[in-house]
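This is what each chain is made of:
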Amino acid sequence: MVRNRVFGQVMGEVDNPAFFKILRREDFSSELMRMIPHHLIRSISDKSSSFKMVLKVPWGSSWQVKISKNPFFHYMEDRGWNQFVNDNGLGENEYLTFTHEANMCFNVNIYEANGKEMLRPRQSSTVTSSSGRNKREERKSICIDVKKEVETESCSESGHPVLKTAESTSGRSKQKQELNLRKRETKETTKSKKRKNRKVDTVSNDSEAGTSSLVPEFKITIKKSHLLFLGIPKKFVDMHMPNETKVFKIHHPRGKKSWEVTYFVTDVQSRFSAGWSRFAKELGLEVGDVCTFKLIKPTEMCVKVSKE
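Residues numbered from 1 in each chain as written. Predicted model: local features only at pLDDT ≥ 70, side-chain atom pairs only at ≥ 80, totals over all residues. Heavy atoms only, no water.

Novice: Could you clarify how one ought to interpret the pattern of salt bridges in this entry?
Specialist: Scanning the entire structure with this criterion turns up seven salt bridges. Residue Glu-94 pairs with Arg-122 through a salt bridge whose shortest N-O separation is 2.3 Å. Placement of the pair is Glu-94 in the loop between α2 (78–87) and β8 (95–102) and Arg-122 in the loop between β9 (105–111) and α3 (130–158), with a sequence separation of 28 residues. For the pair Glu-94 and Arg-122, a shared accessibility class is recorded, and that class is buried. Lys-234 serves as the salt-bridge partner of Asp-238, at 3.1 Å between the closest nitrogen and oxygen. Within this pair, Asp-238 and its partner Lys-234 are both found in helix α5 (residues 234–240), separated by four residues, close to a single helical turn. For the pair Asp-238 and Lys-234, a shared accessibility class is recorded, and that class is exposed. Via salt bridges that share partners, Glu-94, Glu-112 and Arg-122 belong to a single interconnected network. (Salt bridge = Lys/Arg side-chain N within 4 Å of Asp/Glu carboxyl O. Helix = DSSP H or I, 4+ residues; strand = E, 2+ residues; numbered from the N terminus. Buried < 20%, exposed > 50% of the residue type's maximum accessible area, 1.4 Å probe, protein only.)

Here is the structure:
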């Protein structure tokens, strides 16, 4: 039996290639959750492999999922995978086995957290499982919160505050005045920060070595979305980060451990994605914590956490 720490284990000594996955809530939005093990990809012939796969359950239903590849591994695209998860009301600690039959068609067996196998659907045209509905609503709530936080952060970086749409002409006029005032305040604040930044650079003191050195760093307060992924401040990205996807190593503040996290580059926002949720969990990050990241090598950082 060959272990794959990212996506369960590849199960050996069977007629057809197979693997399994134990669902964890913190992994639901991660590409690693949707990763297809390298061993399985290599075991499938080129003739039967394609850029899509079919997930089939014992009661005959099936879902088509597209396959993509990043620089490190193949993975199922989130649209098809999320449809499969939602339609079956899947939740935390449930266990899935994937057995390849032919032409990228996989038989999927689903086992509940108590070990009982699902042999019939949890839902038909209406939702019959309150637990499944609660799990989906919880995931939907997290996604809405994350979307709001990302939009707020993007607006803050661009200097344009978020305003609700007015329902009357007088309301729009008042909001327009407030917008112009805030723009002026933002410009003045930006100018003030620029003047301060000219005098003070990202200088960090190495207390253990008793010396001080110029080390690029950024500080961020952890929000709910940051437990799933971490968007890197654009100014820091432009000045110090690579312009292509890389694997970063992040070191424990006391040097006890290090984690590998994928730095994913996009036109909208570059971020730490694959491996980040595991890092956040094992480091014990919580909403409100203040993290300071120092770039000690081109693809290595150390982190300091302050509990607020």
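Having seen the structure, we can now continue with the description.
Novice: I keep staring at the sheet that holds strand β17 (residues 290–297) and nothing clicks. Help me out?
Specialist: Backbone hydrogen bonds are what pair the strands of a sheet, in a parallel or an antiparallel way. Spatially, the seven strands line up as an open sheet ordered β12-β17-β18-β14-β15-β16-β13, and their pairing is mixed. Looking at strand neighbours, the two that pair on one side only are β12 (217–221) and β13 (230–231), the edges of this open sheet. The pairing of β17 with strand β18 (residues 300–306) spans seven bridges and is classified as antiparallel. In the sheet register, Phe-293 faces β18, and the bridge partner there is Val-303. Strand contacts of helix α6 (residues 276–283): β13, β14 (246–251), β15 (258–264), β16 (271–272), β17 and β18, with the helix running at about 145 degrees to β15, the strand carrying the most contacts. (Pairing = 2+ DSSP bridges. Contact = heavy atoms within 4.5 Å. Axes fitted to C-alpha atoms, helices over the stretch in contact; angles between N-to-C directions.)

Novice: Help me out: how do you make sense of α2 in this one?
Specialist: For an α-helix, 3.6 residues make a turn, and residues three or four places apart therefore share a direction. Those residues of α2 lying buried are Gly-80, Trp-81, Phe-84 and Val-85. Summarising the axial view, the buried residues of α2 lie within an arc of 135 degrees, below the 170-degree limit, and thus occupy one face. Looking at the residues trailing α2, positive phi occurs at Gly-89, about 60 degrees. (Arc of directions from axis to C-beta.)

Novice: Would you mind showing me how to read the packing of aromatic side chains here?
Specialist: Any two aromatic rings considered together are summarised by their centre-to-centre distance and by the angle between their planes. The full count for this structure, using the stated rule, is 17 aromatic pairs. Ring centres of Tyr-95 and Tyr-111 lie 5.7 Å apart, and the angle between their planes is 70 degrees; this geometry places the pair in the edge-to-face category. Of this pair, Tyr-95 sits in strand β8 while Tyr-111 is found in strand β9, placing the two residues 16 residues apart along the sequence. Tyr-111 gets classed as partly exposed once you look at its relative accessible area, which sits at 24%. Between Phe-218 and Phe-293, the ring centres sit 5.1 Å apart and the planes meet at 15 degrees, which makes this aromatic pair stacked. Of the two residues, Phe-218 sits in strand β12 while Phe-293 sits in strand β17, which places them 75 residues apart along the sequence. Each of the two residues, Phe-218 as well as Phe-293, counts as buried. Connected via pairs of aromatic rings, a cluster forms that spans Phe-218, Phe-236, Phe-248, Trp-259, Tyr-263, Phe-272, Trp-276, Phe-279 and Phe-293. (Phe/Tyr/Trp six-rings, centres within 6.5 Å; stacked < 30°, edge-to-face > 60°.)

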